Amino acid sequence: MTSTTSKLPVTKFKNCRILVNHKIIREDLWVRDGKIINPEKLFYSEKGHADKEVDCGNCIISPGYIDTQINGGFGVDFSSDAHKVKDGLLLVARNILSHGVTSYCPTVITSTPETYKEIIPEIKKQEGGPHGASVLGIHLEGPFISEEKKGAHPIDLIKTYEDNGFKEVMDTYSTLENVAIITLAPEFGNADVVIEELTRKGVVVSLGHSEANLEEAEEAVQHGARFITHLFNAMGPFHHRDPGIVGLLTSDNIPSDQEIFYGMIADGIHTNPAALRIAHRSHPDGMVLVTDAMAAMGLPSGRHQLGSVAVDVVHRRASVAGTTTLSGSIATMDDCVRHFKEATRCTTEQALEAATLHPAQMLRITDRKGTLEYDTDADFIFLDDDLNVSYTYIAGELVWDNSKDKIEVVQRSEDEEEIEYARDV
C-alpha cells in the first residue's frame, strides 16, 4: 500500500547527491504529488514507503534553474508579433527544459504602449509540466530608462515618469497583471513614488539602463528596489569617488531588512571574468545568473530580431545591426552556470545557487521554487560533475531526457516565412 494518509504514490530518488542548505550531500530525494516530502513523516507518521525507486547513477540533483531575463529564443521574440506570443511562449518553455530551466520570466523590452497593451495580456503566469517551464511573470525592461544607457533599446520609444509619476507607468503598460519585474532608471523625478507603488503592488523593481549615481541608487533601494539588471552593462562605470549602481553591492546605506540582488550575463562576452570575480567576491549571496537571451538563441549566426531592433549574430556575439552595441545574448543557462563556475573559481554549490536559490529569493518565491526543501515544488535537474544537464523534472515528473528528446526552433527565411524544424540537442 502507498500510505495510510495519502493514496498518491511516492517516488524515491536514490544514489544521488542533492543540493540542500548550501551543501551538496549524499541523500535520497522523496517526491509525492509534485512536492518534495520529508521521509521521516512518511515512515513514522504515515507508515508509508516508496512506491517507485529511481537510481540516479551518482548524479548531482539541483533545483531547476530560474531565468529572470530572457527575451526569447529558438526564433521567438517576446516583444513582437503579439498574435504569435502564446505559441512562442510554448516553444521557448519547452526548449529551455533541455538547458535545465524549469521556471522563467519572459522579458519584453522597450516598446510602444500599443504593443504593451497587446502583449502583456498574452503572457500569463503558468505552472510548468511536460509542455514546458513555468512562467513566473513578465519582466518589463523599459521604457523608463536612460537614453544615454539605452543599449539596444529603441531611443524613440524611451520615456520618463518625471512629470506624471505612476500614472505615466500605468498609461504606458495598461496593466501590471502577471508582471513580476520592471527594470527602470531611478535618476528621474518621482522615482520614489513610482518605486514604492510598484513594490506595494508586488512588482520587483530592478535598476538598470541607468546613469544613476550611488546616492540615487541607494535611495531607490530604500524605497523598495531590490534587483540590478545585468550588472556593469548599460550603466555608469565604476568610479572610486562615485561607484554608481555597482556600489550597491557593498553599500552600508541599505536598510537592514532589505536585500539587494544583481543579474549577471555570464556568457564570456558581456562581462570580463575579472569583473565576474569582483562582483561575486563582493556580494556572493546576491548573484543571479541571467541569460538575457534573444530570438537567436539556438539558431545559426545571421540577422535576427529583438523587438523592433535588427540584430546581427556573429561568433556568439549579438549586436545591433551595423554597430558594436551588444543586444542581448544567445547564451543558455547551463552554459552560463558552467562559465560562471570556471571564471570565478567558485564552488559548485555557489554556481548552482546563483541560478536557483538567489533568483527565487529575489522574487520571494522560495516557499515553492529554487530549493529542494520539504514541501517545495519538485522541480529539479540531474547533472554530471561538469554540470551538464541529463534530465529535467517538473512537479516530480520527467519532462526532458537528454538521450531521447529533441528541440524545435522557428527559423525565418529571407521572405520572413516561418519554417519549423527539429534538431538534436
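Above this text sits the structure in question.
Residues numbered from 1 in each chain as written. Predicted model: local features only at pLDDT ≥ 70, side-chain atom pairs only at ≥ 80, totals over all residues. Heavy atoms only, no water.

## Points about the overall build of the chain
Right, so step 1: Looking only at helices and strands, the chain features ten helices and 24 strands.
Right, so step 2: In summary, the chain has a C-alpha radius of gyration of 21 Å against a globular reference of 22 Å for 425 residues, a match within 12%.
Right, so step 3: For the chain, the spread of C-alpha atoms along the three principal axes comes to 65 × 55 × 40 Å.
Right, so step 4: Within the span of the chain, comprising 425 residues, buried residues form 57% of the whole.
Right, so step 5: A separation threshold of at least 6 residues defines the contact pool for the chain, and within that pool the share at least 24 residues apart is 68%.
Right, so step 6: Split by element, the accessible area of the chain, about 17900 Å² in all, is 46% carbon and sulfur.
Right, so step 7: Seen as two clouds, the 40 positive and the 66 negative side-chain charges of the chain have centres 5 Å apart. (Helix = DSSP H or I, 4+ residues; strand = E, 2+ residues; numbered from the N terminus. Rg over C-alpha atoms; globule rule 2.2 N^0.38 Å. Buried < 20%, exposed > 50% of the residue type's maximum accessible area, 1.4 Å probe, protein only. Contact = heavy atoms within 4.5 Å. Areas by Shrake-Rupley, 256 points an atom, 1.4 Å probe, with all protein chains shown as cover. Lys, Arg positive; Asp, Glu negative; His and termini not counted. Charge placed at Lys NZ, Arg CZ, Asp CG, Glu CD.)

## Describing the nonpolar core
Right, so step 1: Counting 86 residues, the largest nonpolar core has Tyr 104, Leu 184, Leu 198 and Leu 248 as the members making the most contacts within it.
Right, so step 2: Setting aside its immediate chain neighbours within four residues, Leu 198 contacts Phe 166, Val 169, Leu 176, Ile 182, Leu 184, Val 203 and Val 205.
Right, so step 3: Ile 18, Val 20, Val 54 and Leu 372 belong to the second largest nonpolar core, which has 16 residues in total. (Core = buried A, V, L, I, M, F, W, Y, C linked by side-chain atoms within 4.5 Å.)

## Let's talk about the sheet that holds strand S17 (residues 302-306)
Right, so step 1: On the basis of which strands lie adjacent, the open sheet formed by three strands has the order S17-S18-S19 and antiparallel pairing. The open sheet has two edge strands with one neighbour each: S17 and strand S19 (317-320). In this sheet, neighbouring strand axes are inclined to one another by 35 degrees on average, regardless of whether the strands run parallel or antiparallel.
Right, so step 2: Relative to S19, strand S18 (residues 309-314) runs antiparallel, the two sharing four bridges. Considered in S19, the bridge of Val 313 is made with Ala 318. (Pairing = 2+ DSSP bridges. Axes fitted to C-alpha atoms, helices over the stretch in contact; angles between N-to-C directions.)

## Quick word on the environment of Gly 286
Right, so step 1: Position of Gly 286 relative to the elements: it lies in the loop between helix H7 (273-282) and strand S16 (287-289).
Right, so step 2: For Gly 286, a relative accessible area of 0% puts it in the buried group.
Right, so step 3: Measuring from C-alpha to C-alpha, the distance between Gly 286 and Leu 249 comes to 8.1 Å, with 37 residues separating the pair along the chain.
Right, so step 4: Those residues in contact with Gly 286, other than ones at most four positions away along the chain, are Ile 260, Phe 261, Tyr 262 and His 358.

## Some remarks on H7
An α-helical segment advances 3.6 residues per turn. Residues three or four places apart therefore align on the same side.
Right, so step 1: All buried positions along H7 are accounted for by Ala 275, Leu 276, Ala 279 and His 280. Summarising the axial view, the buried residues of H7 lie within an arc of 125 degrees, below the 170-degree limit, and thus occupy one face. In H7, those exposed residues whose orientation departs by more than 90 degrees from the buried face are Ile 278 and Arg 281.
Right, so step 2: Where the residues of H7 are buried, they touch strand S15 (261-264), S16, helix H8 (333-344) and helix H9 (348-353).
Right, so step 3: By the N-cap criterion, in which a side-chain oxygen at the helix start approaches the backbone nitrogen of a residue two or three places on, H7 is capped by Asn 272, the distance to Ala 274 being 2.8 Å. (Arc of directions from axis to C-beta. Polar contact = N/O pair within 3.5 Å; in protein donor to acceptor, adjacent residues only side chain to side chain.)

## Focus on the packing of H7 against H8
Right, so step 1: For the pair H7 and H8, the least separation of the axes is 9 Å and the interaxial angle reads 85 degrees. The angle between the axes of H7 and H8 places the two elements in the roughly perpendicular class. On H8, the residues touching Pro 273, Leu 276, Arg 277, His 280 and Arg 281 of H7 are His 339, Phe 340, Ala 343 and Thr 344.
Right, so step 2: Of the residues assigned to the contact of H7 with H8, the class counts are four nonpolar, three polar and two charged. (Parallel < 35°, antiparallel > 145°, perpendicular 65-115°, else oblique. Nonpolar A, V, L, I, M, F, W, Y, C, P; charged D, E, K, R; others polar.)

## Points about the side chain of His 283
Right, so step 1: Mapped onto the elements of the fold, His 283 is located in the loop between H7 and S16.
Right, so step 2: Residue class for His 283 comes out buried when judged on its relative accessible area of 18%.
Right, so step 3: Apart from the residues lying within four places of it in its own chain, the contact partners of His 283 are Leu 249, Ile 260 and Tyr 262.

## Focus on the layout of surface pockets
Right, so step 1: Counted as a void, the second largest pocket has a volume near 330 Å³.
Right, so step 2: What lines the second largest pocket is a set of 22 residues, among which Gly 151, Ala 152, His 209, Ala 234 and Leu 326 lie closest to the centre.
Right, so step 3: Of the residues in the lining of the second largest pocket, the class split is seven nonpolar, ten polar and five charged. (1 Å grid on protein atoms, 1.4 Å probe; cavity = no way out; pocket = protein on both sides within 12 Å on 5 of 7 lines; lining within 4 Å. Points joined across faces, edges and corners; volume = space filled by probe spheres on them.)

## Concerning the packing of helix H4 (residues 165-173) against helix H5 (residues 191-200)
Right, so step 1: Between H4 and H5, the shortest axis-to-axis distance is 8 Å and the interhelical angle comes to 55 degrees. On the basis of the axis angle, H4 is oblique to H5. Residues Gly 165, Phe 166 and Val 169 of H4 form the contact with H5, whose own contacting residues are Val 194, Glu 197 and Leu 198.
Right, so step 2: Among the residues forming the contact of H4 with H5, the class breakdown is four nonpolar, one polar and one charged.

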